[in-house]
Amino acid sequence: MKLIYTHENKVIVENTRNYLQKQGVDCELRNEFAGGAIGDLSPIQTWPELWVSDEYYDQAAELIAQLSDESGDDNWICPECGEENAPSFDFCWNCQCVSPHVSE
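Residues numbered from 1 in each chain as written. Predicted model: local features only at pLDDT ≥ 70, side-chain atom pairs only at ≥ 80, totals over all residues. Heavy atoms only, no water.

(A) How the structure looks around the overall build of the protein. Each helix and strand counted, the protein has two helices and five strands in total. Secondary structure elements of the protein, listed N to C terminal, follow the sequence β-α-β-β-α-β-β. A buried classification covers 24% of the 104 residues belonging to the protein. Counting contacts in the protein only where the partners sit at least 6 residues apart, residues at least 24 apart contribute 44% of the total. Counting every atom, the protein has about 7,200 Å² of accessible surface; 47% of that belongs to carbon and sulfur. (Helix = DSSP H or I, 4+ residues; strand = E, 2+ residues; numbered from the N terminus. Buried < 20%, exposed > 50% of the residue type's maximum accessible area, 1.4 Å probe, protein only. Contact = heavy atoms within 4.5 Å. Areas by Shrake-Rupley, 256 points an atom, 1.4 Å probe, with all protein chains shown as cover.)

Below is the structure:
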C-alpha cells in the first residue's frame, strides 16, 4: 500500500475516496480519527490519508491530478462592473451581479 493523498479537511479526503472508488480504484482511508492526538503528534501527522495498493497507484495519481485540473480555480470578471471575483463567488462582491458561471 502507498499513500496517495492527504488533506487537513476530512470531507475533501472522503470525497476524493468516493471519486476514486467510483472510477474502480480500491482505496483505504486511514487516520480517520487521529485528530484527537493533536498535541502529542504534529497536526500534519493527524490528517486523514488515502492509501492505494501498488497496482492502483498510477491510475489514482492520474485521477487525482484530473480532479485538481478541473477545480475551476480561475477568477471571473463581472460583466456589469468589470471587477475580478474569486471562483467561489456566485455573485460579484462589488455590484452583486450573478456570476456567468451560475446556471439558471
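(B) Molecular detail of the packing of aromatic side chains. According to the stated counting rule, one finds zero aromatic pairs in the structure shown. The lysine or arginine in question, Lys 2, covers the ring of Tyr 57, its NZ or CZ lying 4.9 Å from the ring centre. Directly above the aromatic system of Trp 51 lies the positively charged group of Arg 30, at a separation of 4.4 Å from the ring centroid. (Phe/Tyr/Trp six-rings, centres within 6.5 Å; stacked < 30°, edge-to-face > 60°. Lys NZ or Arg CZ within 6 Å of the ring centre and 35° of its normal.)

(C) Looking closely at unusual backbone geometry. Of note, the phi angle at Gln 96 is positive, near 65°, even though the residue is not glycine. On the secondary structure map, Gln 96 appears in the segment after β5 (84-85).

(D) Broad picture of the state of the cysteines. Counting across every chain of the model gives zero disulfides. Between Cys 81, a cysteine without a disulfide, and Cys 92, which holds the nearest cysteine sulfur, the sulfur-to-sulfur distance is 3.6 Å. (Disulfide = S-S within 2.5 Å.)

(E) Representation of the side chain of Asn 85 within the structure. Secondary-structure assignment places Asn 85 in strand β5. Residue classification places Asn 85 among the buried positions, given a relative accessible area of 1%. From its side chain, Asn 85 meets the backbone nitrogen of Trp 93 in a polar contact 2.9 Å long. When sequence neighbours within four positions are dropped, the list of residues in contact with Asn 85 reads Asn 75, Trp 76, Cys 78, Phe 91, Cys 92 and Trp 93. (Polar contact = N/O pair within 3.5 Å; in protein donor to acceptor, adjacent residues only side chain to side chain.)

(F) Layout of a nonpolar patch on the surface. A cluster of nonpolar side chains, contributed by Phe 91, Val 98 and Val 102, occupies part of the molecular surface with about 240 Å² of accessible area. In this structure, Val 98 sits in the segment after β5. Relative accessible area serves as the criterion here: at 42%, Val 98 is assigned to the partly exposed category. (Patch = residues over 30% accessible without salt bridge, like charges linked within 9 Å, V, L, I, M, F, W, Y side chains within 5 Å. Salt bridge = Lys/Arg side-chain N within 4 Å of Asp/Glu carboxyl O.)

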